[in-house]
Amino acid sequence: MNGQHFQTAVRRPTGDALEEFMLLNGRYSNFTKETFFIRYVSKGSYEENAARLQSWTEGGGARERGFVFERAMASQPPREKVERYLALYHGGAVEFPFRFQNMMWQKALERSFAQVLELFKQARGRSEDSIVRNFAVKLLYWMDTYFPRLFVETAKMNRFPKFACGGGVKLAEYLFLYLLWLLGCDVLYLSAGEDVSVSNPELLALSLRIEDAAPPPVCRPASTERENAPSGRVVITMDSVRRPERHRTAPPQPAAAPTAAPVLRQGGGARQPLEFEELAKIASSVVMLRVFDQRDQCFKTGSGVIISEKGYVLTNMHVVNGGRYYGIMLEEETDVFYTDELIKYHQDYDLAVLRMEKRRRPVPISKGGKGLVRGQKVVAIGSPLGLFNSVSDGIISGFRDMEKVSMIQFTAPVSHGSSGGALLDMYGELVGLITAGFDDGQNLNLAVGCQTIAQFVRGLI
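Residues numbered from 1 in each chain as written. Predicted model: local features only at pLDDT ≥ 70, side-chain atom pairs only at ≥ 80, totals over all residues. Heavy atoms only, no water.

Colleague: Mind showing me how you'd approach the overall build of the protein here?
Modeller: When helices and strands are tallied, the protein shows eleven helices and 23 strands. Across the 461 residues that make up the protein, the buried fraction comes to 52%. Considering only contacts within the protein whose residues lie at least 6 apart along the sequence, 71% involve residues at least 24 apart. Accessible area of the protein: about 21,500 Å², with a carbon and sulfur share of 48%. (Helix = DSSP H or I, 4+ residues; strand = E, 2+ residues; numbered from the N terminus. Buried < 20%, exposed > 50% of the residue type's maximum accessible area, 1.4 Å probe, protein only. Contact = heavy atoms within 4.5 Å. Areas by Shrake-Rupley, 256 points an atom, 1.4 Å probe, with all protein chains shown as cover.)

So, in C-alpha cells, the structure goes:
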C-alpha cells in the first residue's frame, strides 16, 4: 500500500435535494468523494418525490450504474433463509454473502461491518450474543438482497451506487444505510412525515435531515449553511484510485455568456428576426455526441442541444439508446467531455436528457408552438454524417402526428447524425428537436415539436 486514502464526507444539498442526489455522479478527486447521507422528510409531496425517484431508477442505464429505490425495506428475512444467514454469521466469524473483487474494498466492508455492530451494541446498551446475532442476520440479508444490485462494479472504484428508500426505518435499517454510506454509496431516506425511529443524537448526526413541507423546490443559489454541515469522515485505505481516462473532464465552468452569443435586436418595440450569421452562432450551444458501448468503442454519433445552465443536454432516445457512456464535443473546445448520466428519457417521445459538467449558454425553448405555421423559415443545426455542427435553412412544410407524437415536417437538409440537433426559428429559439428523415424523399425531415419538449423537460429547467 502507498499510504493514500479515500475519504467519504457528508455533502449538504444547496437546492432541490432530490435533484442533487440523483445528479451527484460519484466522481472523486484527490482521494475524496462527497457523498449524500440524507433523511428527507417530505411532508407535502411524498408521493410526487417517490415517483421522481422511481422514474429515475427506471431510467436508461440505471441498473447498470447501481441505482436502487425501495419504497420499503423488508424488516425481516424470509424464514426459509434465516438458517443460511445464521450459518454465515456462525458466532461472529462472519462470511459475507457478497464479496468485492477489489481487496481494499473488501477490507473496508469487513471493517465497516464490525463498526456497525459496535454502534448497534452502544445504541442498544446491550451486547448479548442473541441480540447481536439477530441484528447481524438482518444485515447479511439486506447485503444479500441489495449489494448485487448496487455494487455492479466490484473490481475498480471508478463508480459508486445510489440507494434510496422509504417506509419505516428503525435502528437496524438506519445502521444498514450507514454501512452503505461507509462503502461510498449515496444514501437517501424519504419519509412522508416521520423521521427515522432512532433517538440517539450521535447516530442521527451521522446523516443530514432535510424537511420539505412544500412541493419540490427549484434550485436556489448555494447557501452559507454548508459551513455548518457535519464534517464526519470515514477513511478507506486502498492501493490506488484512478478515474478511467474517458472520465477525465475539465472542472465545471461558470455559466458565463459566450462572447459570440447572438442578441435579439429590438426595433419599433418588437423583437426583430436574426440574420443567418447570428443564428449560426447558436451552434456553440449545440453539441456532437459520441456513443460508447461496453467495450469502450464508439458505435454511433448524433447531436444534442444544451437546454439548461445546469449542463442538461437534450437529444433523441434513439441516439443514446444502448450506450454505456457518452462523449460530448463542443465548439471552441479541444477536449471531449464524457458522461454516463442519462437523467431522463421518454421512449414514445424519442427524447432523452444527458448531463455534463461543462457549462454553456442554453438554447431557449420556444413557447409559441401553437403559433408555428407552414412556410415559416427555420434553421437546422446538427452534425450530419459526423460533420460537426453544420447549419442549413429551410421552411416548415407541415405538421404530422406520428404515433401520437406531434412532429414538425421541415425542408432544411439533414442526414444521419443530425438526430438530436436543433431546429430554430428566426429568433434563435428551439421550435423542434431534429428526429427523423425519409431516405427515399428529398428534404422530408421531422422534428419533435417544442410543446412536447417543454412538457418532457418540465422540472429540469
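Right, picking up where we left off after that structure.
Colleague: Would you mind showing me how to read the packing of helix H4 (residues 79-89) against helix H6 (residues 129-150) here?
Modeller: Two packed helices can be described by the angle between their axes and the distance between those axes. Contact geometry of H4 with H6 gives a least axis separation of 9 Å together with a crossing angle of 110 degrees. It follows that H4 is roughly perpendicular to H6 by the angle criterion. Every residue of H6 that contacts H4 at Arg 84, Tyr 85, Leu 86, Leu 88 and Tyr 89 is listed here: Val 132, Arg 133, Ala 136, Val 137, Leu 140, Tyr 141 and Asp 144. Considering only residue class, the contact of H4 with H6 consists of nine nonpolar, no polar and three charged. (Axes fitted to C-alpha atoms, helices over the stretch in contact; angles between N-to-C directions. Parallel < 35°, antiparallel > 145°, perpendicular 65-115°, else oblique. Nonpolar A, V, L, I, M, F, W, Y, C, P; charged D, E, K, R; others polar.)

Colleague: Sorry, what's going on with unusual backbone geometry here?
Modeller: Outside of glycine, negative phi angles account for most residues, and trans bonds account for most peptide bonds. In this structure, Asp 296 is a non-glycine residue whose phi angle is positive, near 65 degrees. Tracing the sequence through the fold places Asp 296 in the loop between strand S11 (286-292) and strand S12 (298-306). A positive phi angle, near 60 degrees, is found at Asp 350, a position not held by glycine. Structurally, Asp 350 can be placed in the loop between strand S16 (342-346) and strand S17 (351-355). When its relative accessible area of 15% is taken as the criterion, Asp 350 is described as buried.

Colleague: Whenever I open this one, the nonpolar core confuses me. Can you help?
Modeller: Soluble globular proteins tend to bury their nonpolar side chains together. Core analysis: the biggest nonpolar cluster contains 53 residues, and Met 143, Phe 147, Phe 151, Phe 163, Phe 176, Leu 177 and Leu 180 have the highest contact counts within it. Listed by contribution, the elements that provide at least two residues to this core are H4, helix H5 (103-124), H6, strand S5 (162-165), helix H7 (171-182) and strand S6 (186-191). Counting residues per element, this core draws most heavily on H6, at 13 residues. For Leu 180, the contacting residues outside a window of four places in its chain are Phe 147, Leu 150, Phe 151, Phe 163, Cys 185 and Val 187. Judged by nonpolar contacts, the second largest core, of 32 residues, contains Ile 307, Leu 314, Val 405 and Met 426. (Core = buried A, V, L, I, M, F, W, Y, C linked by side-chain atoms within 4.5 Å.)

Colleague: Please clarify how the sheet that holds strand S13 (residues 312-315) should be interpreted in this entry.
Modeller: In a beta sheet, neighbouring strands are held together by backbone hydrogen bonds and run either parallel or antiparallel to one another. With respect to topology, seven strands assemble into an open sheet ordered S15-S14-S11-S12-S13-S17-S16, the strand pairing being antiparallel. Each having just a single partner strand, strand S15 (337-339) and S16 make up the two edges of the open sheet. Across the sheet, the axes of successive neighbouring strands diverge by a mean angle of 30 degrees, strand direction being ignored. (Pairing = 2+ DSSP bridges.)

Colleague: Mind showing me how you'd approach the environment of Phe 147 here?
Modeller: Mapped onto the elements, Phe 147 comes out in helix H6. The buried category is assigned to Phe 147, whose relative accessible area is 0%.

Read these as layout, nothing more, since geometry by itself doesn't imply function.
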